[in-house]
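Observations on the three-dimensional arrangement
Spelled out from the first residue to the last, the chains are:
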Amino acid sequence: MKTVLITGASRGIGKALALAFGRAGYAVGVNYHKEKAKAEAVVQEIFEAGNKEGEVLACDVRDSIKVRQMMDAMLVRWGRLDVLVNNAGITRDRTILKMTNGEWNDVIDVNLSGVFWCVREAARLMSKEKHGSIINIASIMALRPGFGNANYSASKAGLIALTKAAAKELGRFHVTVNAVLPGFHETDMASELPAEHKKKLLEEHLTGQSTTIADLCRVVLELAQNASVSGQVFNVDSRIV
Ligand code: NAP
């Protein structure tokens, strides 16, 4: 049985990914930071769909020691790590003139440094096995920043560079690393946007509608199973960059 660890899988896109991987027969590590009950409910849902291999993994991805312990917990439970999806992410939107040091650092710490700690630990395990797939959930904002999210856009642009750098280094171990840019999805993160802003975002879609989370999950699952595509950025969207 193949295993996947998904960070930030208690809610939103991460939850949908955890359920999709569960349905596909993977053993799923469901990471969360604060929402333990929600993460437990995700594992319960995986069980109810007929897959008995799921586990809740508490870890603040900002803490590199806890990240190492989380990877070790995957090994203890299942003996292997086949796929890592770096999905955990936050926003702290504010214009540059008003942005505090804390708002800048929080976003970089979770969205970029947190991913780096996870990539480093996964690389430690996957390079030994000479096999593995890492998928980083970035954002269209990496390529086309919005107004008032310099911290978020910079973190996601850094994530694309990290994806390509990791892909270069890990290819020799047959470990693939790719980035996926989701479309606009009405998760808790998106609920913080003003209604007018959401309307404008939807108007930019060529199809008149946002892509679905199911479409996103299919792309991520395909990448998890594809051993030859690496160092690429996939825009799962109908907005033109
Ligand atoms: P969300 O609903 O706000 O969920 C965020 C998830 O990240 C939660 O599971 C949360 O855990 C976890 N998390 C936050 N800080 C963490 C930390 N320090 N350590 C570990 N986990 C942490 O967000 P979402 O909309 O699903 O977004 C998921 C990813 O997709 C993010 O990387 C985001 O940037 C990206 N994305 C989203 C959209 C969109 O339209 N929604 C578009 C493009 C890209 P707790 O529940 O335990 O707090």
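Above: the structure in question.
So, a few notes on the structure that sits alongside this text. Every value quoted in this text rests on a predicted model; they were computed, and no experiment measured them.

Comments concerning the nonpolar core
By size, the foremost hydrophobic cluster in this structure holds 38 residues, and its most contacted members are Leu5, Met71, Leu81, Leu84 and Ile134. Those elements that provide at least two residues to this core are helix H3 (64–78), helix H4 (101–129), helix H5 (150–170) and strand S6 (175–181). Setting aside chain neighbours within four positions, we find leucine 84 in contact with Leu5, Thr7, Met71, Cys118, Val119, Ala122, Met126, Ser133, Ile134 and Ile135. One finds Ile13, Leu19, Ile135 and Ile137 within the second-largest nonpolar core, a separate group that totals 30 residues.

Digging into the site of the ligand
The environment of the ligand is formed by 32 residues, the closest being Ser10, Arg11, Lys34, Tyr152 and Thr187. Residue asparagine 87 places a main-chain N or O atom 2.7 Å away from an oxygen atom belonging to the ligand. Compared with its free state, where it exposes 920 Å², the ligand has 95% of that area covered by protein. The cavity where the ligand resides is the largest pocket. For the shell around the ligand, the secondary-structure elements that each account for two or more residues are helix H1 (12–23), strand S2 (27–32), H5 and helix H6 (188–191). Along the lines of polarity and charge, the residues of the shell around the ligand split into 14 nonpolar, 11 polar and 7 charged.

Notes on the pattern of salt bridges
In total, this model carries 18 salt bridges according to the counting rule given. The partner of arginine 218 in a salt bridge is aspartate 215, and the shortest N-O contact between them spans 2.5 Å. With a gap of 3 residues between them, arginine 218 and aspartate 215 both fall in helix H8 (residues 213–225), about one helical turn apart. Each of Arg68, Asp72, Glu121 and Arg124 takes part in salt bridges that share partners, so that together they form one network.

Parameters and conventions
Residues numbered from 1 in each chain as written. Predicted model: local features only at pLDDT ≥ 70, side-chain atom pairs only at ≥ 80, totals over all residues. Heavy atoms only, no water. Core = buried A, V, L, I, M, F, W, Y, C linked by side-chain atoms within 4.5 Å. Buried < 20%, exposed > 50% of the residue type's maximum accessible area, 1.4 Å probe, protein only. Helix = DSSP H or I, 4+ residues; strand = E, 2+ residues; numbered from the N terminus. Contact = heavy atoms within 4.5 Å. Near = heavy atom within 4 Å. Polar contact = N/O pair within 3.5 Å; in protein donor to acceptor, adjacent residues only side chain to side chain. Areas by Shrake-Rupley, 256 points an atom, 1.4 Å probe, with all protein chains shown as cover. 1 Å grid on protein atoms, 1.4 Å probe; cavity = no way out; pocket = protein on both sides within 12 Å on 5 of 7 lines; lining within 4 Å. Sits in = over half its atoms within 2 Å of the grid points. Nonpolar A, V, L, I, M, F, W, Y, C, P; charged D, E, K, R; others polar. Salt bridge = Lys/Arg side-chain N within 4 Å of Asp/Glu carboxyl O.

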